[in-house]
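What follows is each chain in one-letter form.
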Amino acid sequence: MLRKVAIGLTLIAFGVMFFAAAVTIRPFGEPPSAMDDYIIEHSQQETGANNAVSAVVFDYRGYDTLGEATILFAAATAVVMLFRKRKDEASD
Amino acid sequence: MSEFLANIPFLAVAALICVALYIMMSQRNLIKVVMGVVILESAVNLFLVTLGYREGGVAPIFTNAPGTLMVLPVPQALTLTSIVIGVATTALMLSMIMLIYRHTGETDAEKSRKVKG
Amino acid sequence: MSKIVRTVAKLLTPAILLFGLYVIMHGHITPGGGFQGGAVFASGVALLIVAFGAGRVEQFLKEHQLSMLESGGGLLFIGLAFAGLATAFFYNFLVGSPIFGHVPAFGPNPGDIWTGGTIPLMNVAVGMKVIAGLSAIVLVMALASSKQGEDE
């Protein structure tokens, strides 16, 4: 019972906060866009790629993609390792 | 009121975050907690994409594009990053839960906490 | 799985795998890229596992082969990033060169596959990585859960 009350109070607090933020945030559909306008206008000359999202992912923000690839590698290795260990224990 | 209606995508993000928080707080089954985490990730992805939307814009790809008024490419690229990281972490969480189930025979957070080893 | 599922999987899997490779190769001119195409390809592998069982898929798709493919993709990606180090890390040094070097003018165009500099090569590297990573995750988890079912 206490747990339910605590959950309800937390949800009400977070809900009021998020809905206030969602109503008072800047209007939908009119983002500030100086950096993105530069990328849209220059990505074809600077990277040659028609797909501006690919240009951002692999060229302008390559470091992000490097970190992402590292996380994917770490997760795949961890999953394989977790189950391989169990297999060895079972065969002993 | 019109301002309120114009921000419906942001309100949807707020509602999704509240749903995810409720699931993560109220459920004790670990798989359901992971479902809450995945809904939270979806809410964040939706927030990023709606932040980058420009009124009347098309996808930022020039091949046979109808015009050069485009939505912002950087939030979309970051959403792509976020989706891949979400998939990787979800797979890791589910593997951990499979191991916990094999050790303890439980996916319930309250019960499996008591079983040591 | 039933015979209907197996037949449909046999028919659909080549198309899914081919579409995944297409999405990877055309990542710089159409929607898509290494991550998306790799996810499509891995979903084809997941369909094979659902239809035929993880044991049969493991006979021709070994886990250590997938690890090698993933490491190769990562090395190719890092190598391409380091190759531009004369100017900057992740510099697109192939724009204007004979390889993938055409530079389109600003504005909509019908699309030219021979553009993009290092971006198509990085798409291939990341595609290898994602194909191997997601396939390995799906395969290992399916193998573990099928073994668990046999034990009990």
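Across its full length, chain B holds five helices and zero strands. Start at the N end of chain B and walk to the C end: the helices and strands fall as α-α-α-α-α. Against the 2.2 N^0.38 benchmark of 13 Å for 117 residues, chain B shows a C-alpha radius of gyration of 19 Å, more extended than a compact globule. The principal-axis extents of the C-alpha atoms in chain B amount to approximately 60 × 40 × 15 Å. A sequence separation of at least 24 residues applies to 43% of the contacts in chain B between residues at least 6 apart. In the structure as shown, chain B presents an accessible area of about 5900 Å², 69% of it carried by carbon and sulfur atoms. Charge separation in chain B, taken as the distance between the mean sites of 8 positive and 6 negative side-chain charges, equals 13 Å.

Summed over all chains, the structure comprises three salt bridges over all chains. With its nearest N and O atoms 3.2 Å apart, the salt bridge here joins Arg54 of chain B to Asp37 of chain A. With one member in each of two chains, Arg54 of chain B in the loop between helix H3 (30–51) and helix H4 (73–104) and Asp37 of chain A in helix H2 (residues 34–47) form a pair that bridges those chains. A salt bridge links Asp64 of chain A to Arg61 of chain A, with the nearest nitrogen and oxygen atoms 2.9 Å apart. Owing to a relative accessible area of 28%, Asp64 of chain A belongs among the partly exposed residues under this scheme.

Another point: the interface of chain A and chain B. Frequently, the measure chosen for interface size is the accessible area that the parts lose on association. On the chain B side, the residues contacting the 43 residues of chain A number 50 residues. At the boundary of chain A with chain B, total buried surface from both sides reaches about 4200 Å², with 74% on carbon and sulfur atoms. For the pair chain A and chain B, the number of links is one salt bridge. Counting across the chain A and chain B interface gives twelve residue pairs in polar contact (both at pLDDT 80 or more). Listing elements by their share of the side of chain A that touches chain B, those giving two or more residues are helix H1 (2–24), H2, helix H3 (52–60) and helix H4 (62–91) of chain A. Taken together, the residues of the side of chain A that touches chain B break down into 26 nonpolar, eight polar and nine charged.

In this section: the packing of helix H1 (residues 3–25) of chain C against helix H2 (residues 34–52) of chain C. Residues and elements named next belong to chain C. Between H1 and H2, the least distance of the axes is 8 Å, while the angle of their chain directions is 165°. On the basis of their axis angle, the class for H1 and H2 is roughly antiparallel. Here the hand of the crossing between H1 and H2 comes out left-handed. Grouping the constituent residues of the contact of H1 with H2 by class yields 16 nonpolar, eight polar and two charged.

All right, on to a nonpolar patch on the surface then. Residues Met1, Val5 and Leu9 of chain A make up a contiguous nonpolar surface patch of about 360 Å² in total accessible area. Structurally, Leu9 of chain A can be placed in helix H1.

All right, on to the confidence of the model for chain B then. The pLDDT averaged across chain B works out to 88; a share of 92% of its residues lies at or above 70. When mean pLDDT is compared element by element in chain B, H3 of chain B scores highest at 94, while helix H5 (residues 109–114) of chain B scores lowest at 70.

The subject of this paragraph is the layout of surface pockets. When its volume is computed, the second largest pocket comes out at roughly 210 Å³. Around the second largest pocket, the lining comprises 13 residues; the ones closest to its centre are Val53 of chain A, Gln76 and Leu80 of chain B together with Gly32 and Gln36 of chain C. In terms of residues, the lining of the second largest pocket owes the most to one element, H4 of chain B, which gives four residues. Looking at the lining of the second largest pocket, its residues break down into eight nonpolar, five polar and no charged.

Let us look at the confidence of the model for chain C. Per-residue confidence for chain C gives a mean pLDDT of 89; residues scoring 70 or more make up 97%. By mean pLDDT, the top-scoring element of chain C is H1 of chain C (94), and the lowest-scoring one is helix H5 (residues 118–151) of chain C (87).

If you trace the backbone, Glu70 of chain C turns up in helix H4 (residues 63–83). Excluding residues within four positions of it along the chain, Glu70 of chain C makes contact with Leu72, Phe73 and Ala76 of chain A together with Lys129, Ala132 and Gly133 of chain C.

With 29 residues, the main nonpolar core has Val79 and Phe83 of chain A together with Ile49, Ile137 and Met141 of chain C as its most contacted residues. Of all the elements in the fold, those that place two or more residues in this core are H4 of chain A, H4 of chain B together with H1, H2, helix H3 (54–60) and H5 of chain C. It is H5 of chain C that contributes the most residues to this core, ten residues altogether. In this structure, Ile49 of chain C is in contact with Ala54, Val57, Val138, Leu139 and Ala142 of chain C, ignoring residues within four places of it in sequence. One finds Ala55 and Leu66 of chain A together with Leu80 and Leu134 of chain C within the second-largest nonpolar core, a separate group that totals 28 residues.

What follows deals with the environment of Thr7 of chain C. Residues and elements named next belong to chain C. Tracing the backbone shows Thr7 in helix H1. For Thr7, a relative accessible area of 41% corresponds to the partly exposed category. For the pair formed by Thr7 and Gly38, sequence separation is 31 residues and the distance between their alpha carbons is 24 Å.

A complete count under the given rule lists twelve aromatic pairs over all chains for this structure. Taken together, a centroid distance of 6.0 Å and an interplanar angle of 85° make the contact between Phe28 of chain A and Phe10 of chain B edge-to-face. With Phe28 of chain A in the loop between H1 and H2 and Phe10 of chain B in helix H2 (residues 8–26), the pair connects residues from two separate chains. In this pair, the class of Phe28 of chain A matches that of Phe10 of chain B, namely buried. Clustering of aromatic rings is evident, with ring pairs tying together Tyr63 of chain A together with Phe77, Phe82, Phe89 and Phe90 of chain C.

Turning our attention to H1 of chain C. For H1 of chain C, built from 23 residues, the straight-helix expectation of 33 Å at 1.5 Å per residue is met to within 8% by its first-to-last C-alpha distance of 34 Å. The principal kink in H1 of chain C, of about 35°, is found at Leu12 of chain C, preceding the proline Pro14 of chain C by one to four residues.

Quick notes on the rules
Residues numbered from 1 in each chain as written. Chains lettered and ligands numbered in written order. Predicted model: local features only at pLDDT ≥ 70, side-chain atom pairs only at ≥ 80, totals over all residues. Heavy atoms only, no water. Helix = DSSP H or I, 4+ residues; strand = E, 2+ residues; numbered from the N terminus. Rg over C-alpha atoms; globule rule 2.2 N^0.38 Å. Contact = heavy atoms within 4.5 Å. Areas by Shrake-Rupley, 256 points an atom, 1.4 Å probe, with all protein chains shown as cover. Lys, Arg positive; Asp, Glu negative; His and termini not counted. Charge placed at Lys NZ, Arg CZ, Asp CG, Glu CD. Salt bridge = Lys/Arg side-chain N within 4 Å of Asp/Glu carboxyl O. Buried < 20%, exposed > 50% of the residue type's maximum accessible area, 1.4 Å probe, protein only. Buried area = accessible area lost by both parts, 1.4 Å probe. Polar contact = N/O pair within 3.5 Å; in protein donor to acceptor, adjacent residues only side chain to side chain. Nonpolar A, V, L, I, M, F, W, Y, C, P; charged D, E, K, R; others polar. Axes fitted to C-alpha atoms, helices over the stretch in contact; angles between N-to-C directions. Parallel < 35°, antiparallel > 145°, perpendicular 65-115°, else oblique. Left-handed = near helix turned anticlockwise from the far one by under 90°. Patch = residues over 30% accessible without salt bridge, like charges linked within 9 Å, V, L, I, M, F, W, Y side chains within 5 Å. pLDDT = per-residue confidence, 0-100. 1 Å grid on protein atoms, 1.4 Å probe; cavity = no way out; pocket = protein on both sides within 12 Å on 5 of 7 lines; lining within 4 Å. Points joined across faces, edges and corners; volume = space filled by probe spheres on them. Core = buried A, V, L, I, M, F, W, Y, C linked by side-chain atoms within 4.5 Å. Phe/Tyr/Trp six-rings, centres within 6.5 Å; stacked < 30°, edge-to-face > 60°. Expected span 1.5 Å × (residues − 1). Bend = angle between axes of the 7 residues up to and from the residue.

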